[in-house]
Amino acid sequence: MTGTKPGTKPGTAAGPGGPDFASKSLTEHVVRGVVGIGSLIGSVALVPAVGPVGLALLPVGLLALRGCPTCWAIGLAQTVSRGRLQRSCEDGRCKLAVADRHDEHGEEVRSAFTGSTV
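**Concerning the side chain of Gln78**
- Considering the arrangement of structural elements, one finds Gln78 in helix α4 (residues 69-81).
- For Gln78, a relative accessible area of 9% puts it in the buried group.
- Of note is the side chain of Gln78, whose polar atom sits 3.2 Å from the backbone nitrogen of Ala22.

**Some remarks on the packing of helix α1 (residues 26-45) against helix α3 (residues 57-64)**
- Between α1 and α3, the least distance of the axes is 7 Å, while the angle of their chain directions is 155°. When the axes of α1 and α3 are compared, the pair comes out roughly antiparallel. Seen along the crossing, α1 lies across α3 with a hand that is left-handed. Residues Arg32, Val35, Gly36, Ser39, Leu40, Gly42 and Ser43 of α1 form the contact with α3, whose participating residues are Leu57, Leu58, Val60, Gly61, Leu62 and Ala64.
- By residue class, the composition of the contact of α1 with α3 is seven nonpolar, five polar and one charged.

**Points about the state of the cysteines**
- A complete count under the given rule lists one disulfide for this structure.
- Disulfide partner of Cys89: Cys94, at an S-S distance of 2.0 Å. Its torsion about the S-S bond being 110°, the disulfide of Cys89 and Cys94 is classed as right-handed.
- Under the relative-accessibility criterion, Cys89 is labelled buried at 16%.

**Quick word on the pairing of strand β2 (residues 93-98)**
- Counting buried positions along β2 gives zero out of six residues, so the element sits mostly on the surface.
- Joining the antiparallel neighbours strand β1 (residues 85-90) and β2 is a turn of two residues, in which Asp91 adopts a positive phi near 50°.

**A closer look at the environment of Arg66**
- Assignment of secondary structure puts Arg66 in the loop between α3 and α4.
- Distance from Arg66 to Phe21, taken between C-alpha atoms, is 8.3 Å for residues 45 residues apart in sequence.
- Non-local contacts of Arg66, meaning those with residues more than four positions away in its chain, are made with Phe21, Ala22, Ser23, Glu28, Arg32 and Cys71.
- Polar side-chain contacts of Arg66 include one of 3.5 Å to the backbone oxygen of Phe21.

**As for a nonpolar patch on the surface**
- On the surface, Leu26, Val30, Val34 and Val80 cluster together to form a nonpolar patch covering roughly 320 Å² of accessible area.
- As for its position among the elements, Val80 is in helix α4.
- Overall, the relative accessible area of 39% leaves Val80 in the partly exposed class.

**Side note on the side chain of Arg32**
- Its location among the elements puts Arg32 in helix α1.
- No salt bridge is formed by the buried Arg32; the nearest opposite charge belongs to Glu28, separated by 4.7 Å.
- Within the structure, Arg32 has its side chain in polar contact with the side chain of His29 (distance 3.1 Å).
- Discounting residues that sit within four places of it in the chain, Arg32 has contacts with Phe21, Ser23, Ala64, Leu65, Arg66 and Trp72.

Definitions and cut-offs
- Residues numbered from 1 in each chain as written.
- Predicted model: local features only at pLDDT ≥ 70, side-chain atom pairs only at ≥ 80, totals over all residues.
- Heavy atoms only, no water.
- Helix = DSSP H or I, 4+ residues; strand = E, 2+ residues; numbered from the N terminus.
- Buried < 20%, exposed > 50% of the residue type's maximum accessible area, 1.4 Å probe, protein only.
- Polar contact = N/O pair within 3.5 Å; in protein donor to acceptor, adjacent residues only side chain to side chain.
- Axes fitted to C-alpha atoms, helices over the stretch in contact; angles between N-to-C directions.
- Parallel < 35°, antiparallel > 145°, perpendicular 65-115°, else oblique.
- Left-handed = near helix turned anticlockwise from the far one by under 90°.
- Contact = heavy atoms within 4.5 Å.
- Nonpolar A, V, L, I, M, F, W, Y, C, P; charged D, E, K, R; others polar.
- Disulfide = S-S within 2.5 Å.
- Pairing = 2+ DSSP bridges.
- Patch = residues over 30% accessible without salt bridge, like charges linked within 9 Å, V, L, I, M, F, W, Y side chains within 5 Å.
- Areas by Shrake-Rupley, 256 points an atom, 1.4 Å probe, with all protein chains shown as cover.
- Salt bridge = Lys/Arg side-chain N within 4 Å of Asp/Glu carboxyl O.
- Lys, Arg positive; Asp, Glu negative; His and termini not counted.

Right under this line is the structure:
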């Protein structure tokens, strides 16, 4: 038993019963952040120029961020760590470990940042 909730992949950061705020790709998540945070800032910055009409960007920003900037930041961490961490629960004890990662040829995958195996 991997201990993940239905609908999440084993080894994801969400784990059992936890929310999953991650996106399918890092690019998608960053684009959502730029649109969301840009809309929130723009809605407040445009009030002096266009009046309360500028506040129409607030729902766009909240929708892009899936509710709040903190949720987006948590999702960023989950998106980055997706597939790198393995969570397993046995006999009421859970542990988090670095997942074994291999390419399609069975060779260990090396980190592009540190050169070490991940």
